[in-house]
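Read off the chains here:
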Amino acid sequence: MRNAMIIDPKDNVAVAIEAIQSGDTVTYLSGSEEKSLTARQDITIYHKLAVRDISKGSPICKYGEHIGIASCDIKAGEHVHVHNVESHREDLEAEA
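Along each chain, the written sequence defines residue order, and numbers are assigned to residues from 1. Local features in this predicted model are restricted to residues whose pLDDT is 70 or higher, and side-chain atom pairs enter the listing and the counts only when it is 80 or higher, whereas totals over whole chains, interfaces and linings include all residues. The side-chain figures draw on all heavy atoms in the structure; neither hydrogens nor water molecules are used.

Visitor: Give a detailed account of the sheet that holds strand E6 (residues 59-62), specifying residues and quantitative values.
Guide: The 3 strands are arranged E6-E7-E9 in an open sheet whose pairing can be described as antiparallel. Strand pairing shows two members of the sheet lacking a second neighbour, E6 and strand E9 (85-86), which therefore form its edges. Any two strands are treated as partners once DSSP identifies two or more bridges connecting them. Starting at the N terminus, helices and strands are each numbered in turn, a helix being any DSSP run of H or I of at least four residues and a strand any DSSP run of E of at least two. By the bridge criterion, 4 bridges tie E6 to strand E7 (residues 65-70) in an arrangement that is antiparallel. Its bridge partner lying in E7, lysine 62 is registered against glutamate 65.

In structure tokens form, the structure reads like this:
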């Protein structure tokens, strides 16, 4: 049974669609392929978890869009939230 979801196959985080406990198998659909991994931490419902290792300084991608930058190395299965993600806002005025 799927307990997480991603919107875009480029995403490196999934959203928990139910509470997930450390050690649980996390299952989600990526495109047409069902994937799974082991949760390394408890994940609150509707919070994010890494679906692959993310290096410090790399973008966090959700819904196919960058939503922040990893402030430390994040292992697959770890909770992804304000404690390990820095805000990253584009300078839209610089592009105008």
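Structure's up, so let's keep going.
Visitor: Got a sec to walk through the state of the cysteines? Specific residues and values, please.
Guide: We call a pair of cysteine sulfur atoms a disulfide when they lie within 2.5 Å. Applying the stated rule across the entire model yields 0 disulfides. Residue cysteine 61 stays outside any disulfide, its sulfur separated by 18 Å from that of cysteine 72, the closest cysteine. Assessed through its relative accessible area of 8%, cysteine 61 is described here as buried. When a residue's accessible area, from a 1.4 Å probe over protein chains only, is under 20% of the maximum for its type it is buried; when over 50% it is exposed; and in between it is partly exposed.

Visitor: Could you give an account of the sheet that holds strand E8 (residues 79-80), naming the residues involved and the relevant values?
Guide: Read from one edge of the open sheet, 4 strands run E1-E2-E5-E8, paired in antiparallel fashion. Each having just a single partner strand, strand E1 (4-5) and E8 make up the two edges of the open sheet. Sheet topology places strand E5 (residues 48-50) next to E8; 2 bridges connect them, and they run antiparallel. Bridging from a neighbouring strand, leucine 49 pairs with histidine 79 of E8.

Visitor: Please set out unusual backbone geometry residue by residue, giving values where relevant.
Guide: As a rule of thumb, non-glycine residues mostly have phi less than zero, and peptide bonds are mostly trans rather than cis. Unusually for a residue other than glycine, tyrosine 46 sits at a positive phi of about 75°. Here tyrosine 46 shows up in the loop between strand E4 (33-38) and E5. At tyrosine 63, a position not held by glycine, the phi torsion is positive, near 60°. Mapped onto the fold, tyrosine 63 is located in the loop between E6 and E7.

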